[in-house]
Amino acid sequence: MFLLIAGNAKSGSNEACHILSSARSILNAVQAIDLSDQEPKVALQLCALLKETQYRLLIAGGDGTIAWVLNAVQELQVKVVSEN
């Protein structure tokens, strides 16, 4: 299982900045992506390389950030499996 964290450090009350910082101290820096530095499509291309690997995507930001990332997921046709 692979965890990818996408956060927008410029949105909301800067909580995404703290989340990304904490994630980088635990995970590989490649797994914690600041969307204020690169677009979601670039970040999600890593998922496309992991074809046989299941991954989780954690989005840190406001409604706009979540919509931005989900639109990129749809455009790149990343396979999404929902768990209830």
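Our structure's up above, just so we're on the same page.
Residues numbered from 1 in each chain as written. Predicted model: local features only at pLDDT ≥ 70, side-chain atom pairs only at ≥ 80, totals over all residues. Heavy atoms only, no water.

Participant: Talk me through the overall build of the protein; I want residue IDs and the actual numbers.
Facilitator: Scanning the protein from N- to C-terminus turns up three helices and three strands. Secondary structure elements of the protein, listed N to C terminal, follow the sequence β-α-β-α-β-α. The C-alpha radius of gyration of the protein comes to 12 Å, within 12% of the 12 Å expected for a compact globule of 84 residues. Projected onto its principal axes, the C-alpha coordinates of the protein cover approximately 35 × 30 × 25 Å. Across the 84 residues in the protein, those meeting the buried criterion constitute 32%. Partitioning the contacts of the protein with sequence separation of at least 6, the portion at a separation of at least 24 is 72%. Accessible surface for the protein amounts to roughly 5700 Å². Of this, 51% is attributable to carbon and sulfur atoms. Across the protein, the centroid of the 6 positively charged side chains sits 6 Å from that of the 8 negatively charged ones. (Helix = DSSP H or I, 4+ residues; strand = E, 2+ residues; numbered from the N terminus. Rg over C-alpha atoms; globule rule 2.2 N^0.38 Å. Buried < 20%, exposed > 50% of the residue type's maximum accessible area, 1.4 Å probe, protein only. Contact = heavy atoms within 4.5 Å. Areas by Shrake-Rupley, 256 points an atom, 1.4 Å probe, with all protein chains shown as cover. Lys, Arg positive; Asp, Glu negative; His and termini not counted. Charge placed at Lys NZ, Arg CZ, Asp CG, Glu CD.)

Participant: Outline the pattern of salt bridges, listing residues and values.
Facilitator: Any two side chains of opposite charge can pair, given that their charged atoms come close. Under the definition given, this model contains one salt bridge. Across the pair glutamate 75 and lysine 41 runs a salt bridge, and its minimum N-O distance is 2.5 Å. Placement of the pair is glutamate 75 in helix α3 (residues 63–76) and lysine 41 in helix α2 (residues 40–49), with a sequence separation of 34 residues. (Salt bridge = Lys/Arg side-chain N within 4 Å of Asp/Glu carboxyl O.)

Participant: Go over a nonpolar patch on the surface, please, and point to the residues and values.
Facilitator: Together, Leu3, Ile19 and Leu58 line one region of the surface with nonpolar side chains, adding up to about 210 Å² of accessible area. You can see leucine 3 is positioned in strand β1 (residues 2–7). (Patch = residues over 30% accessible without salt bridge, like charges linked within 9 Å, V, L, I, M, F, W, Y side chains within 5 Å.)

Participant: Residue-level account of the sheet that holds β1, with values.
Facilitator: Here three strands make up an open sheet; going across it, the order is β2-β1-β3 and the pairing parallel. The open sheet has two free edges, formed respectively by β2 (32–34) and β3 (55–60), since each of these has just one partner strand. Along the sheet, successive strands turn relative to each other by an average axial angle of 20°, direction set aside. The sheet contact formed by β1 and β2 spans three bridges and is parallel. Residue pairing in the sheet places alanine 6 in a bridge with isoleucine 33 of β2. Strand contacts of helix α1 (residues 15–26): β1, β2 and β3, with the helix running at about 145° to β2, the strand carrying the most contacts. (Pairing = 2+ DSSP bridges. Axes fitted to C-alpha atoms, helices over the stretch in contact; angles between N-to-C directions.)

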